[in-house]
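What follows is the residue order along each chain.
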Amino acid sequence: MKNFTLLGLLVILTASCKINVNKNSEQKILFVNHVDPFIGTGGHGHTYPGATVPFGMLQVSPDNGISSWDWCSGYHYSDSIVAGFSHLHLSGTGIGDLADILFMPTNKKLDLTTKTTSRDQLPYKSKYSHVNEKATPGSYQVFLEDPKINVELTSSQRTAFHKYTFAKNDTQSVVIDLGFAINWDKTVKTGITIEDQYTISGYRYSTGWAKNQKVFFVAKFSKPITESVLIADKQIINSKKADAENTSAQLFFDPKKSDQLWVKVALSSVSVANAKDNLDDEKSTFDTTKSKAATIWNTALSKIEVETPTDSLKTIFYTAMFHAQVAPVTYSDKNGQFRKEDDQIATAKDYTAYSTLSLWDTFRAENPLLTLLAPNKTSDIVNSMLAYYDTKKILPVWTLYANETNTMTGYHSIPVIADAYLKGIKGFDAEKAYQAMKATMMQDERGLNYYKKYGYIPFNLLDESVTITLEYAYDDWCVAQMAKALGKNEDYQFFLNRSKAYQHLFDPKTGFMRGKSDDGKSWNEPFDPKHSNHREHTDYTEGNAWQHSWFVPQNVEDFISLHGSNEIFVKRLEQLFTESSEITGSNVSADISGLIGQYAHGNEPSHHIAYMFNHAGQPWRTQYWVRHILDTQYNTTPNGLSGNEDCGQMSAWYVFSSMGLYPMNPASGEYEIGSPIFEKAKINLENGKSFVIEAENVSDKNFYIQSATLNGVPFNKTAITHQQILQGGTLHFVMGSQPNKNWGVKL
């Protein structure tokens with residue numbers, strides 16, 4: 001057994017226990033130290049614990065090496081084997097891809113020519129224990145038990161840093177496996193070149209969820225390479241360059257002068273030359289980068305300051321703030337270039353191009369949160385979507401490494417653009433954006449041909465017809481608002497009228513949105529509102545009628561009138577939360593999780609529903625159920641998210657709702673008022689002002705609003721506008737244990 005001392009490991013762990021961002025400012029230490037990146041790495045959260053910076057290009061993180069739904073991010077907390085550390089990861093999605101450019105340190109010569117069909121056959125895998133694992137914003141550390149190597153990772157915006165500490169005088173080696181792939185991903189062509197004694201470079205072309213993904217990389221080592229073995233399709237080649245479907249390498253380094261080896265890695269979607277340009281200069285060391293990453297995260301987290309005596313609430317909140325700012329990710333290189341799906345190289349001029357746009361999820365709360373926290377990022381995201389529009393003349397649905405995955409329903413780049421423009425965010429061509437929105441909703445793909453012909457999508461012509469119809473209706477409403485703002489009155493009337501498509505599918509007899517035939521009369525029978533069939537032969541996407549019948553955020557008052565009265569609507573809405581949680585069917589969607597009755601907080605279509613009581617004259621029911629969701633669907637364990645994190649949406653719901661606000665209609669410019677959980681939440685705005693939300697007497701029992709004032713003036717509304725928040729000031733609530741049925745109700 002080699003002598004990697006326990007004392008040495010304890011020193012490393014102790015040193016990393018607290019991030020000391022600024023020794024002179026205790027306040028600055030608080031934000032990053034309240035984040036636990038392991039929240040969401042268990043259960044169905046699908047998050048990763050590795051190192052990244054806000055919206056960074058790289059996410060350098062451990063990969064367990066298993067291809068399974070709960071390993072979509074590459075990592076699951078239930079595991080105890082690590083296959084290596086790759087540089088691109090997805091945060092909380094329901095589909096697995098990426099895990100590109102795998103590095104793994106080892107202490108012996110390995111046979112990389114053996115064909116492997118599972119994680120168990122990987123010669124370089126290692127056991128690890130959570131006891132010897134640490135993650136903080138911007139850094140990650142784990143001790144590999146088999147080779148007795150301590151691994152530390154950190155990252156800047158475009159460069160990952162590895163630090164490997166070997167046992168004294170042990171063999172020092174690193175494996176690079178470009179053939180490593182999990183879940184949907186499969187390599188098409190890869191290559192490794194040993195450029196000089198300190199540098200390797202290469203590329204990895206793959207197909208998977210992203211059908212045409214091209215990643216170029218460069219890696220620089222702190223020591224000269226003393227020996228190298230290159231493998232091409234499981235054959236050793238006597239060359240400094242390997243090109244094949246699957247390539248790998250094992251590099252060796254002299255252990256005499258130091259037990260430590262540092263590696264810097266940069267990527268590009270364009271070329272090795274661009275990857276080299278993206279690589280941080282020699283002045284950037286592991287330690288300075290780790291410290292800077294913590295400082296950058298501290299600044300990002302400090303945009304909202306909360307006060308509560310309950311530490312666990314701070315942990316949940318700041319971890320949510322952390323997860324809400326890891327995606328979307330930087331995609332353009334330092335010189336502005338990025339590769340598009342058709343292999344054209346575009347250049348982002350005066351903006352940063354972003355990818356990993358999980359729009360079906362994030363349009364609801366994540367993107368509206370960014371309009372508050374990072375409005376400059378919002379304009380860049382819009383410009384990124386317009387660049388993708390230039391390729392196909394349709395706005396993106398779900399963009400991964402510039403590939404259109406066409407995953408999920410609707411065209412929810414549209415509400416993101418409308419929300420940005422209507423909130424006054426500049427920096428993109430509004431006329432071009434509007435034309436892109438209009439063109440997207442007037443084309444014929446993905447059921448829009450049926451939608452235009454019938455005014456809704458008939459169930460006998462397309463699966464998931466109810467969900468798609470309701471989401472297109474909302475997208476139409478967003479186009480209408482943009483048209484109105486730009487003075488396009490004819491278009492405004494056209495899209496506003498079409499946004500009432502939900503009326504076709506409401507069945508007053510059952511109270512549900514139901515699949516209707518192309519004859520305009522016949523409902524889809526037999527009907528069971530609890531029935532789920534995942535993504536096929538169903539009228540609902542990843543859910544059932546109970547969960548999908550409420551998506552009319554653009555006109556809740558009309559939606560209520562379809563039910564007949566506020567009383568009927570409230571009764572049915574209350575039943576959603578109190579009905580049995582049985583889901584019927586033989587192919588139930590795994591995404592239906594976090595159930596409270598039939599309300600499924602673990603999937604996004606439910607996220608706005610609790611706030612609808614506000615529009616039916618019973619805001620105290622919104623206050624009750626929002627607090628119940630906050631208390632039951634989030635915690636500080638690895639299972640602390642009730643469903644897929646989905647690139648920040650699950651966390652953005654918590655950030656907003658815990659402050660007492662939520663963008664129920666994401667493009668309306670308004671926030672519904674729920675039930676604040678903190679004594680004080682201070683939003684530090686980009687314009688230099690701050691908006692404070694105070695909750696006097698708040699506790700686990702005092703979650704009902706008794707009264708409110710805005711800047712000292714009585715406030716009796718259940719919504720506040722974005723513009724009111726931007727003006728700064730204080731929204732003060734007095735909380736109590738019993739509902740005040742007069743507050744927030746039009747008398």
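Residues numbered from 1 in each chain as written. Predicted model: local features only at pLDDT ≥ 70, side-chain atom pairs only at ≥ 80, totals over all residues. Heavy atoms only, no water.

### Regarding the overall build of the chain
Here is the rule: Every helix listed is a DSSP run of H or I at least four residues long, and every strand listed is a run of E at least two residues long, numbered separately from the N terminus. To get the radius of gyration, use the C-alpha atoms; to get the globule rule, take the number of residues to the power 0.38 and multiply by 2.2 Å. Throughout, exposure labels follow a simple rule: accessible area from a 1.4 Å probe, protein chains only, divided by the maximum for the residue type, with under 20% read as buried, over 50% as exposed, and the rest as partly exposed. The protein chains shown are the only cover counted for residues, whose accessible areas, like all others here, come from Shrake-Rupley with a 1.4 Å probe. Charged residues are defined narrowly, with Lys and Arg counted positive, Asp and Glu counted negative, and His plus the chain ends left uncounted. Positions of charges follow a simple convention, taking NZ of Lys, CZ of Arg, CG of Asp or CD of Glu.
Check the secondary structure of the chain and you find 20 helices and 39 strands. The C-alpha radius of gyration of the chain comes to 26 Å, within 12% of the 27 Å expected for a compact globule of 747 residues. Considered along the principal axes of its C-alpha atoms, the chain spans approximately 80 × 55 × 50 Å. Within the chain, the proportion of its 747 residues that are buried is 63%. Put simply, the chain shows about 26,400 Å² of open surface, and 49% of that area lies on carbon and sulfur atoms. Averaging the coordinates of the 70 positive side-chain charges in the chain and doing the same for the 80 negative ones gives two points 4 Å apart.

### Digging into the sheet that holds strand β38 (residues 719-721)
Where we set the bar: Strands are labelled as partners when DSSP assigns at least two bridges between them.
Strands sit in the order β32-β33-β38 across an open sheet of three strands; the sheet is antiparallel. Looking at the sheet topology across the chains shown, the edges are occupied by β32 (661-662) and β38. In this sheet, β38 lies alongside strand β33 (residues 670-673) in antiparallel orientation, the contact comprising three bridges. Looking at β38, one finds that Glu-672 is bridged to Ala-719.

### A few points about the UniProt feature "domain: Glycosyl hydrolase family 92 N-terminal" (unreviewed entry) in the chain
Applicable threshold: UniProt positions are given in the numbering used here, feature names are shortened, and annotations may be inferred rather than shown by experiment.
In this structure's numbering, the residues bearing the UniProt feature "domain: Glycosyl hydrolase family 92 N-terminal" (unreviewed entry) are residues 34-268. The span residues 34-268 carries 0% helix and 44% strand; its end-to-end C-alpha distance comes to 33 Å.

### Brief notes about the packing of helix α4 (residues 286-301) against helix α5 (residues 311-323)
Which entries qualify depends on this criterion: Axes, fitted as lines to C-alpha atoms, cover a helix only where it is in contact. Angles between the N-to-C directions of the axes lie from 0 to 180 degrees. Orientation categories follow fixed angle ranges, with anything under 35 degrees roughly parallel, anything over 145 roughly antiparallel, 65 to 115 roughly perpendicular, and all other angles oblique. Residues are treated as being in contact if the distance between any of their heavy atoms lies within 4.5 Å.
Two numbers describe how α4 lies on α5: the axes approach to 10 Å, and their chain directions differ by 110 degrees. The pairing of α4 with α5 is recorded here as roughly perpendicular in orientation. On α5, the residues touching Trp-297, Ala-300 and Leu-301 of α4 are Tyr-318, Met-321 and Phe-322.

### Section: unusual backbone geometry
Backbone torsion omega between Ala-327 and Pro-328 reads 0 degrees, so that peptide bond is classified as cis. In this fold, Pro-328 is placed in the loop between α5 and β20 (329-330). Of note, Ile-101 is a non-glycine position whose phi angle comes to about 60 degrees, a positive value. Along the chain, Ile-101 falls in the loop between β3 (84-86) and β4 (102-106). For Ile-101, a relative accessible area of 1% translates into the label buried. Positive phi values are uncommon outside glycine, yet Asn-406 reaches one of about 55 degrees. Residue position: Asn-406 is located in the loop between β25 (403-404) and α9 (413-422).

### Thoughts on the sheet that holds strand β8 (residues 149-155)
With antiparallel pairing, the nine strands of this open sheet are ordered in space as β6-β7-β8-β9-β18-β13-β12-β11-β16. Two strands in the sheet have a free side with no partner beyond their single neighbour: β6 (133-136) and β16 (241-244). Averaged over all pairs of adjacent strands, the angle between their axes in this sheet comes to 15 degrees, without regard to strand direction. Pairing geometry for strand β12 (residues 199-207) and strand β13 (residues 213-221), over eight bridges, is antiparallel. Its bridge partner lying in β13, Arg-204 is registered against Val-215. Across the sheet, α4 is in contact with β7 (139-144), β8, β9 (159-165) and β18 (260-268); its angle to β8 comes to roughly 55 degrees.

### Comments concerning the packing of aromatic side chains
Stated precisely, the cut-off is as follows: The rule is short: rings of Phe, Tyr and Trp, with Trp giving its six-membered ring, pair when the centres are within 6.5 Å, and they are stacked under 30 degrees, edge-to-face over 60, tilted in between. Over a ring means this: the NZ of a Lys or the CZ of an Arg is within 6 Å of the ring centre and within 35 degrees of the ring normal.
One pass over the structure, following the stated rule, counts 40 aromatic pairs. Ring centres 6.5 Å apart and planes at 80 degrees place the aromatic pair Phe-55 and Tyr-354 in the edge-to-face group. Of this pair, Phe-55 sits in the loop between α2 (26-33) and β1 (61-63) while Tyr-354 sits in strand β23 (residues 354-355), and the two are 299 residues apart along the sequence. For the pair formed by Phe-55 and Tyr-354, the shared burial category is buried. Taken together, a centroid distance of 4.9 Å and an interplanar angle of 75 degrees make the contact between Tyr-331 and Tyr-401 edge-to-face. Of this pair, Tyr-331 sits in the loop between β20 and β21 (337-339) while Tyr-401 sits in the loop between β24 (399-400) and β25; the two residues are 70 residues apart in sequence, bridging distant segments of the chain. Classification of Tyr-331 as buried rests on a relative accessible area of 4%. Linked through ring pairs, Phe-577, Tyr-599, Phe-613, Tyr-624, Trp-625, Phe-703 and Tyr-704 together constitute an aromatic cluster. In this structure, Arg-446 packs its charged tip against the face of Tyr-411, placed 5.0 Å from the ring centre. Its guanidinium or amino end placed over the ring of Phe-527, Arg-514 lies 4.2 Å from that ring's centre, counting from NZ or CZ.

### Comments concerning the pattern of salt bridges
For side chains of opposite charge, pairing can occur when their charged atoms come near one another. For the record, the criterion: Whenever Lys or Arg places a side-chain nitrogen within 4 Å of a carboxyl oxygen from Asp or Glu, that contact is recorded as a salt bridge.
Taken as a whole, this structure holds 25 salt bridges when the rule is applied. When the shortest N-O distance is used, the salt bridge between Lys-452 and Asp-444 registers 2.7 Å. Overall, the relative accessible area of 31% leaves Lys-452 in the partly exposed class. Look at Asp-444 and you get partly exposed, because its relative accessible area is 47%. One network of salt bridges, with partners in common, ties together Asp-79, Arg-119 and Asp-120.

### Points about the environment of Phe-527
Relative to the elements of secondary structure, Phe-527 occurs in the loop between β27 (512-513) and β28 (531-533). For Phe-527, a relative accessible area of 25% gives the class partly exposed. Sequence separation of Phe-527 and Ala-324 is 203 residues, and the distance between their C-alpha atoms is 38 Å. Look past the residues within four positions of Phe-527 in its chain and what remains in contact with it is Thr-510, Phe-512, Arg-514, Tyr-540 and Ala-545.

### Some points on the side chain of Ser-549
Rules: Counting of polar contacts relies on pairs of N or O atoms within 3.5 Å, with two restrictions inside protein: one atom must be capable of donating a hydrogen and the other of accepting it, and residues adjacent in sequence are counted only when both atoms are side-chain atoms.
For Ser-549, the position within the fold is in the loop between α15 (545-548) and α16 (556-563). A distance of 3.0 Å separates the side chain of Ser-549 from the backbone nitrogen of Met-513, its partner in a polar contact. A polar atom in the side chain of Ser-549 sits 2.6 Å from the backbone oxygen of Ala-545.

### Re the nonpolar core
Defined as follows: Residues belong to one nonpolar core when they are buried, are Ala, Val, Leu, Ile, Met, Phe, Trp, Tyr or Cys, and are joined through side-chain atoms within 4.5 Å. The start and end points of each domain follow an automatic or database-based domain assignment.
Judged by nonpolar contacts, the single largest core of 214 residues is most densely connected at Phe-103, Ile-200, Phe-221 and Phe-317. The dominant element in this core, judged by the number of residues it contributes, is helix α12 (residues 465-485), at 12 residues. Each of domain 1 (43-299) and domain 2 (303-736) accounts for three or more of the residues forming this core.

### Structural notes on the state of the cysteines
So the rule is basically this: The criterion for a disulfide is a pair of cysteine sulfur atoms lying within 2.5 Å.
Scanning all chains against the criterion turns up zero disulfides. Left without a disulfide partner, Cys-72 is nearest to the cysteine sulfur of Cys-647, which lies 11 Å away. Classification of Cys-647 as buried rests on a relative accessible area of 1%.

### What to know about the domain arrangement of the chain
The cut-off we apply is this: Buried surface area refers to the total accessible area, computed with a probe of radius 1.4 Å, that the two partners give up upon joining, counted for both partners together.
Its domain assignment divides the chain into domain 1 (43-299) and domain 2 (303-736). Computed over C-alpha atoms only, the centres of domain 1 and domain 2 are separated by 35 Å. Contact with domain 1, which involves 46 residues of that partner, is made by 42 residues of domain 2. Between domain 1 and domain 2 lies a buried interface of about 3,600 Å² when both sides are counted; carbon and sulfur atoms form 57% of it. Together, Phe-55, Trp-209 and Ser-269 form the three largest contributors to the area buried by domain 1 at its contact with domain 2, with a combined 21%. Our count for the domain 1 to domain 2 interface comes out at one salt bridge. When the shortest N-O distance is used, the salt bridge between Asp-343 and Lys-214 registers 3.2 Å. Counting every contact that joins domain 1 to domain 2 gives 27 residue pairs in polar contact (both at pLDDT 80 or more). Among the elements of the structure, β13, β18, α3 (272-278) and α4 are those that each provide at least two residues to the side of domain 1 that touches domain 2.

### Some words on the pairing of strand β39 (residues 729-736)
The pairing of strand β35 (residues 690-696) with β39 spans six bridges and is parallel. In the strand pairing of β39, Ile-693 is matched with Leu-731.

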